Amino acid sequence: MNGWSVSGRGSGSERCRVLPGRSRVQEPTGGLAMSVAMQGEGHWRRGPVITAVALATAAVVVGGLAIGSPGVTTSHGAVTNGGVWVTAAQQGLMGRLNVDVAELDARLTSTGDGVEILQSGYHVLETGPNGMVPINTATVTRQKAVSYLPGTRVALGGDRVVFVSPDGRVWILSLDEAAAFSPQAVEPIHQASGGPPTVTVSTRGTVFLLDGDQLLTFPFTPIAARTTGEDPITVSGVSTQEEMLQMTAVGESPVILDSENRQLRIGEEAVVHDLDEANLIPSVTAALQQPAPASEDVAVATEEALLLVPMDGGPAEKIDSGGTGEPAPPAQSKGCFYGAWSQSARYIRACEGSIPVVEAVDGADPLGTLVLRVNSGLVVLNDQELGPCWRIADDMTRIDDWAADQAILTGETGETGETGETGETGETGETGETGEIARAATDPEVGIPGASVVGLVDPSRPIGRPAP
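For every chain, the first residue of the written sequence is number 1, and numbering continues from 1 onward in sequence order. This being a predicted model, a pLDDT of at least 70 is required before a residue's local features are given, and a value of 80 or more before pairs of side-chain atoms are given or counted; all residues contribute to the totals for chains, interfaces and linings. Hydrogens are left out, water is left out, and the side-chain values use all remaining heavy atoms of the structure.

Draft legend 1. Inspection of the overall build of the protein chain at higher detail. Counting from the N terminus, the helices are DSSP H or I runs at least four residues long and the strands are E runs at least two residues long. Helices and strands together make up the secondary structure of the protein chain, namely 2 helices and 39 strands. In the protein chain, which comprises 468 residues, the proportion classed as buried is 48%. In the protein chain, of all internal contacts separated by at least 6 residues, the share reaching a separation of at least 24 is 48%. When the accessible surface of the protein chain is totalled, it reaches about 22,200 Å², and 52% of it is carbon and sulfur. Whether a residue is buried, partly exposed or exposed follows from its accessible area with a 1.4 Å probe, protein chains only, as a fraction of its type maximum: under 20%, in between, or over 50%, in that order. The contact criterion used throughout is that any non-hydrogen atoms of two residues lie within 4.5 Å. Accessible areas in this description were obtained via Shrake-Rupley with a 1.4 Å probe; residue shielding takes into account the shown protein chains only.

Draft legend 2. A look at the pattern of salt bridges. What makes a salt bridge here is a side-chain nitrogen of Lys or Arg within 4 Å of a carboxyl oxygen of Asp or Glu, nothing more. Under the counting rule described, the total for this entry stands at 10 salt bridges. Residue Arg 373 pairs with Glu 116 through a salt bridge whose shortest N-O separation is 2.7 Å. Within this pair, whereas Arg 373 is found in strand β32 (residues 370–375), its partner Glu 116 is found in strand β6 (residues 116–120), the two being separated by 257 residues in sequence. By relative accessible area, which is 5% here, Arg 373 ends up buried. Judged by relative accessible area, Glu 116 falls into the partly exposed class, the value being 27%. Linking Asp 394 and Arg 391 is a salt bridge whose minimum nitrogen-to-oxygen distance equals 3.4 Å. Among the residues examined, Arg 391 registers a relative accessible area of 12% and is labelled buried. It is possible to trace a salt-bridge network through shared partners that takes in Arg 391, Asp 394 and Asp 395.

Draft legend 3. Examining the state of the cysteines more closely. For this text, the term disulfide refers to a pair of cysteine sulfurs within 2.5 Å. Overall, the coordinates contain 1 disulfide when judged by the stated rule. The disulfide bridge from Cys 336 ends at Cys 351, spanning 2.0 Å between sulfur atoms. Handedness of the Cys 336-Cys 351 disulfide follows from its S-S torsion of about 110°: it is right-handed. Pair noted here: Cys 336 is in strand β29 (residues 336–342) and Cys 351 is in strand β30 (residues 346–351), with a separation of 15 residues, a long-range link. The exposure class of Cys 336 is buried, given its relative accessible area of 11%.

Draft legend 4. Spatial organisation of the sheet that holds strand β33 (residues 378–383). Any two strands with at least two DSSP-identified bridges between them are counted as paired. Pairing in this open sheet of 4 strands is antiparallel, and the strands run β32-β33-β34-β35 from one edge to the other. What marks the edges here is a single partner per strand, and that holds for β32 and β35 (398–399). For β33 and strand β34 (residues 389–390), the ladder comprises 2 bridges, and the chain directions are antiparallel. Bridged to Leu 381 within β34 is Trp 390.

Draft legend 5. Here's a closer look at the sheet that holds strand β20 (residues 253–258). Pairing is antiparallel across the open sheet formed by 4 strands, whose spatial order is β19-β20-β21-β22. Taken across any chain shown, the strands that pair with only one partner, and hence form the sheet edges, are β19 (245–250) and β22 (271–274). Neighbour-to-neighbour, the strand axes of the sheet open up by a mean angle of 20°, direction not taken into account. Sheet analysis places β20 next to strand β21 (residues 263–266), joined by 4 bridges and oriented antiparallel. As a rule, the C-alpha atoms of each element are fitted with a line to give its axis, helices using only the stretch in contact, and angles between N-to-C directions run from 0 to 180 degrees.

Draft legend 6. Looking closely at the environment of Thr 137. With respect to the element layout, Thr 137 can be found in the loop between β8 (131–136) and β9 (141–142). Along the sequence, Thr 137 and Gly 121 sit 16 residues apart, while their C-alpha atoms lie 9.7 Å from each other. Two N or O atoms count as a polar contact when they lie within 3.5 Å, although within protein this holds only if one can serve as hydrogen donor and the other as acceptor, and sequence-adjacent residues are included solely when both atoms are side-chain atoms. One polar contact links the side chain of Thr 137 to the main-chain carbonyl oxygen of Tyr 122, over a distance of 3.3 Å.

Draft legend 7. Region of the structure containing the environment of Val 201. For Val 201, the location among the structural elements is in strand β15 (residues 198–201). With residues up to four places along the chain from it excluded, the contact list for Val 201 reads Ala 155, Leu 156, Gly 157, Val 162, Thr 206, Val 207, Ala 249 and Pro 291.

Draft legend 8. Inspection of the side chain of Arg 373 at higher detail. Side chain to side chain, Arg 373 and Thr 87 meet in a polar contact 2.9 Å long. A polar contact of 2.7 Å, which involves the side chain of Arg 373, links it to the side chain of Glu 116. For Arg 373, the residues in contact, after removing those within four places along its chain, are Val 84, Trp 85, Val 86, Thr 87, Glu 116, Ile 117, Gln 119, Leu 378, Val 379, Val 380, Asn 382 and Gln 384.

Draft legend 9. Structural detail: a negative patch on the surface. Patches in this entry comprise residues that are over 30% relatively accessible and not in a salt bridge; like charges within 9 Å are linked, as are nonpolar side chains (Val, Leu, Ile, Met, Phe, Trp, Tyr) within 5 Å. The positive count covers Lys and Arg only, the negative count covers Asp and Glu only, and His and the chain ends enter neither. By convention, charge coordinates are those of NZ in Lys, CZ in Arg, CG in Asp, or CD in Glu. Among the surface-exposed residues, Glu 230, Asp 231, Glu 252, Glu 268 and Glu 269 lie close enough to one another that they form a single negatively charged patch. Looking at Asp 231, the relative accessible area reads 71%, which means it is exposed.

Draft legend 10. Quick peek at the packing of aromatic side chains. Two rings belonging to Phe, Tyr or Trp (six-membered ring only in the last case) form a pair when the distance between their centres is within 6.5 Å. Interplanar angles under 30 degrees mark stacking, angles over 60 mark edge-to-face geometry, and anything in between is tilted. Under the counting rule described, the total for this entry stands at 3 aromatic pairs. Taking the centre distance of 5.1 Å and the plane angle of 70° together, the rings of Trp 171 and Phe 181 count as edge-to-face. With Trp 171 in strand β13 (residues 169–174) and Phe 181 in the loop between α2 (175–179) and β14 (190–191), the pair connects residues that are 10 residues apart, well separated along the chain. Each member of the pair, Trp 171 as well as Phe 181, carries the same accessibility label: buried. Among the aromatic side chains, those forming a connected cluster through ring pairs are Tyr 148, Phe 163, Trp 171 and Phe 181.

Structure (structure tokens):
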């Protein structure tokens, strides 16, 4: 993003930046010619009717071919079910938000405190302090739990899962490998020299790792077992304190936020962008954006503003949030940047060619915790503790339909003796052909709290007794 209003870009042309509460700034720029047509926020041009008919016909043909096709397995790609997974921690729930229709179309009980959701298309992981559980998004059920050392960090990008243990070991695995992961049985791809390194994964699956002052790149390979690292580069002068470092990926370029030195280190050459000179980061509470596809800018949120920093250098653009609060890691998708702040309950949506939207989050609780959830280009705002969600990329419609019409079936772990598929009697277990929402018990050895069997079932069908 090079500004909110673009009059043209070409050799010797000028770029205009209009920021709330600030004067217009013009600076020379070069590059390809570009024009932006604005019809007002939220309005889209509609093509001729014949175009829609042609597209519909093509969709029918493609659909017919898909039905007859045996299917294709790919190692990565932009696959999505149109949903974003969100949480309501105080209610002990997680669910899938259908963004188009603005409603939750799936719900699962959460397995306890400290649980987080990682998502990449159809790939969804529920992670906790001592283990993780892959979610089968087709049947909305949990798969077998995976245990790891307490304090292990997990990252997901594309179809690559990264485990970082507290002792500095790093594993890069495919989703299938991660579902059967055991730290004792799998050789790590890297052993950090000190404590756990700072790690991020691009949306394509490339892994970047900062071990001390050494930045390593592990490019995506179709077969995870063949992943190898490139020669490291030295990031001179970077902070040695883990809590002062954050890292993300913009396209296939790593970006490091060094809060101690008030700097960004951009790209595999770790080019320095000094934020302190412009007094842009007043504290170490800044949040670096989540991994995103390639862009001209990277976003950083402070307690009071959203900063857009050019990846190729140049002055950062600052958009004041209109309040002071705890920033969530910003999100970037389809030419727009998003920021959100808890306590002040403010949000920003800044899209190329449009004036930024800076407003209060209607209906947000100041005691809640606002986070931005991203999946396959879809962005929603979620109070991860209390549960409400907002369509931040569109009209800020508020969704809070966590209460389901189904009856609740509960039973303590071990009552059924085993977990099976839901049959005609509606027994506790994984979802079968009935379309019920249920979950298998979490292995208590994993250490994730809340291992009782809880499911949402259809009240119109009889509930059978657990198997002896």
